[in-house]
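Examining the three-dimensional arrangement
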Amino acid sequence: VTAEAAALDAQDALAPLRKLFKLNPATSYLDGNSLGALPLGVIDAVQRTVSGEWGDDLIASWNTHNWIDLPVTVGEKIAPLIGAQAGQVLCVDSISINLFKLLSTGLALRPERRVILTLSGDFPTDAYMAQGLAQLLGPDRCELRRVSADRLHTALDTDVAVLMLTQVNYRSGECYDMAALTRAAHEAGAVVLWDLAHSAGVVPLALDALGVDMAVGCGYKYFNGGPGAPAFVYLNRRHHDVVQQPLSGWLGHSQAFEFSPDYLPAPGVRAFQAGTPPIISMVALNAALDVFAHTSVAAIRDKSLALTEHFRELLQERGLLERLECLTPEEPERRGSQISLRHDQAWGMSQALIEAGVIVDFRAPDILRFGFAPLYNSFADAVRAADTLADIVREERYADARYSKRPAVT
Ligand SMILES: *Cc1c(COP(=O)(O)O)cnc(C)c1O
């Protein structure tokens, strides 16, 4: 570790939070943007739920342990982290499923329009779900249009019902201007749907203040809810009870336990629930979110920017920015919580880094991602990652024949 990194870690007010996580001290985990680390409190919470609640109290737990309320309880815990007043956030399903529900809602809110506009190069599931919806509704009712960022403003014409955007691009780590783009969508008469997968929990958000219409976000990335943790939906109060989302399942019914023959949606965002929630996963996410009570998203953002800034300087000092292309913008307000580097040997580099204890990931075809989770990453992690990458590049270890095969998940 350098003296500078040691000093930065010594001054870091968030440093004590690292011990709230189970982390292997022999590794630097820089993949919290893909799967957050395990908060120790989750272990006890899940153990209690599995053994004490499911094991001992069985079905009574739906009432006695408030399992039935968890989608709302966890949604309300997420709300202040994304700048939402109560009653607008529900923890439910996956981002993909929630996109389908919200895109349908957005089209129904603008019945005279049919276009879902988005940026090319965003995370594939967002466009895939829009394509599935377009196929279901037919070309008269729904069409997906994808444009590059420089064409977005001209593409926002009077056909656009929904502008669907991801705040931080998963590949480049570029952070888009939510205030300006939300305003542009509204000026064009469209509703805006933000995907917060790479920003919730690490970028301060003000959904209510900006008048955002709808949003989705991820439970297993910066919220550390564990593999397959449920996602969340945000629906601005002004759109509540206006149109019906199409996945009209029984637990989104206003009186689920009346078992009546016809669907009648629950009021507000609760109508976005369809079926039975995954209680064990939801308990894990609920406990994981308790870590945020020790700090603020603003403090997390400050540290995130300091970490990515420091890492970029270290790459520069080691001559690595001449060998690899940095895709992440330099301006702090345009930067998410990762640094992405492009190189045609990025896959081999990612594998050599992981073997050396620096856990990063690779995005096809040629991107190496270093994700910084300020709740548990240190400036020492940044130094180790930069030093290890410098060694790998100098020794050309990325070319090793062991790295010729790729597994199913990268
Ligand atoms: C991680 C991620 C998802 C994941 O979607 P799931 O349906 O929850 O698997 C979706 N969109 C973006 C932008 C992501 O980064």
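For the structure, check the block above.
Attention here is on the structure that accompanies the text. (Residues numbered from 1 in each chain as written. Predicted model: local features only at pLDDT ≥ 70, side-chain atom pairs only at ≥ 80, totals over all residues. Heavy atoms only, no water.)

**Digging into the sheet that holds strand β4 (residues 89-91)**
Sheet strands line up and pair through hydrogen bonds in the backbone, either parallel or antiparallel. Spatial strand order, β4-β10-β9-β8-β7-β5-β6: seven strands in an open sheet with mixed pairing. On the outer flanks of this sheet lie β4 and β6 (143-147), each paired with one strand and no other. Adjacent strand axes in the sheet meet at a mean angle of 20 degrees, parallel and antiparallel pairs treated alike. Bridge count for strand β5 (residues 115-119) against β6 is five bridges, and the pairing is parallel. What sits directly across from L117, in β6, is R145. Here helix α4 (residues 70-78) sits on the sheet and contacts β4 and β10 (232-235); the angle it forms with β4, its principal contact strand, is near 125 degrees. (Pairing = 2+ DSSP bridges. Helix = DSSP H or I, 4+ residues; strand = E, 2+ residues; numbered from the N terminus. Axes fitted to C-alpha atoms, helices over the stretch in contact; angles between N-to-C directions. Contact = heavy atoms within 4.5 Å.)

**Brief notes about the site of the ligand**
For the ligand, the full set of nearby residues is S94, I95, S96, F123, T125, D126, T166, D195, A197, H198, Y220 and K221. Separating an oxygen atom of the ligand from a side-chain N or O atom of Y220 is a distance of 3.3 Å. About the coverage of the ligand: the protein hides 88% of its 390 Å² of free accessible area. Of all the secondary structure elements, the ones that give two or more residues to the shell around the ligand are α5 (95-109) and α6 (124-137). Looking at the shell around the ligand, its residues break down into four nonpolar, five polar and three charged. (Near = heavy atom within 4 Å. Polar contact = N/O pair within 3.5 Å; in protein donor to acceptor, adjacent residues only side chain to side chain. Areas by Shrake-Rupley, 256 points an atom, 1.4 Å probe, with all protein chains shown as cover. Nonpolar A, V, L, I, M, F, W, Y, C, P; charged D, E, K, R; others polar.)

**Side note on a nonpolar patch on the surface**
Together, V50, W54, L58, I59 and I280 give the surface a local cluster of nonpolar side chains, amounting to about 500 Å² of exposed area. Following the sequence through the fold, W54 ends up in helix α2 (residues 40-57). Taking the relative accessible area as the measure of exposure, W54 reaches 47% and is therefore partly exposed. (Patch = residues over 30% accessible without salt bridge, like charges linked within 9 Å, V, L, I, M, F, W, Y side chains within 5 Å. Salt bridge = Lys/Arg side-chain N within 4 Å of Asp/Glu carboxyl O. Buried < 20%, exposed > 50% of the residue type's maximum accessible area, 1.4 Å probe, protein only.)

**Thoughts on the sheet that holds strand β14 (residues 361-363)**
A sheet is described by the order of its strands in space; here four strands give the open sequence β11-β12-β15-β14, paired in antiparallel fashion. The sheet is open, and its two borders are formed by β11 (325-326) and β14, each paired with just one other strand.

**A few points about the packing of aromatic side chains**
Applying the stated criterion across every chain, the model contains 12 aromatic pairs. Look at F311 and F370: their rings are 4.8 Å apart centre to centre, the planes differ by 50 degrees, and that puts the pair in the tilted class. Of this pair, F311 sits in helix α11 (residues 297-317) while F370 sits in strand β15 (residues 367-371), and the two are 59 residues apart along the sequence. Given a relative accessible area of 0%, F311 falls into the buried group. Here the aromatic residues F21, Y29 and Y376 are joined through ring pairs into a cluster of three or more. Positioned above the aromatic ring of F123, the side-chain terminus of K221 is 5.4 Å from the ring centre. (Phe/Tyr/Trp six-rings, centres within 6.5 Å; stacked < 30°, edge-to-face > 60°. Lys NZ or Arg CZ within 6 Å of the ring centre and 35° of its normal.)

**Things to note about the layout of surface pockets**
The gaps left among the atoms become clear once a water-sized probe is rolled over them. Roughly 300 Å³ of volume is contained in the largest pocket. In terms of lining residues, the largest pocket is bounded by 19 residues, among which A45, R48, N286, A287 and D290 are the most central. Those elements giving two or more residues to the lining of the largest pocket turn out to be α2, α4 and α10 (279-288). Per-element tally for the lining of the largest pocket: the top contributor is α2, with six residues. Considering only residue class, the lining of the largest pocket consists of nine nonpolar, seven polar and three charged. Put simply, the second largest pocket is a space of about 240 Å³. (1 Å grid on protein atoms, 1.4 Å probe; cavity = no way out; pocket = protein on both sides within 12 Å on 5 of 7 lines; lining within 4 Å. Points joined across faces, edges and corners; volume = space filled by probe spheres on them.)

**Looking at the environment of A190**
Checked against the element boundaries, A190 lands in the loop between α8 (178-187) and β8 (191-195). Judged by its relative accessible area of 1%, A190 falls in the buried class. Once the C-alpha coordinates of A190 and K221 are considered, the two residues, 31 residues apart in sequence, prove to be 29 Å apart. Apart from the residues lying within four places of it in its own chain, the contact partners of A190 are R110, R113, V160, A161 and A185.

**Looking at the side chain of S350**
Following the sequence through the fold, S350 ends up in helix α13 (residues 346-355). Judged by its relative accessible area of 1%, S350 is buried. Of the polar contacts made by the side chain of S350, one reaches the backbone oxygen of W347; its length is 2.7 Å. Those residues in contact with S350 that sit more than four places away from it in its chain are V360, F362 and L368.

**Quick notes on the nonpolar core**
Generally speaking, nonpolar side chains in soluble globular proteins are found buried as a group. Among the nonpolar cores identified, the biggest contains 63 residues, and I82, L117, W194, L196 and F223 are the most heavily contacted of them. When residues of this core are assigned to their parent elements, the largest contribution, seven residues, is made by α10. Sequence-distant contacts of F223, that is, excluding residues within four places in its chain, are made with I78, L81, A200, G201, C218, F232, L285, A288, L289 and F292. (Core = buried A, V, L, I, M, F, W, Y, C linked by side-chain atoms within 4.5 Å.)

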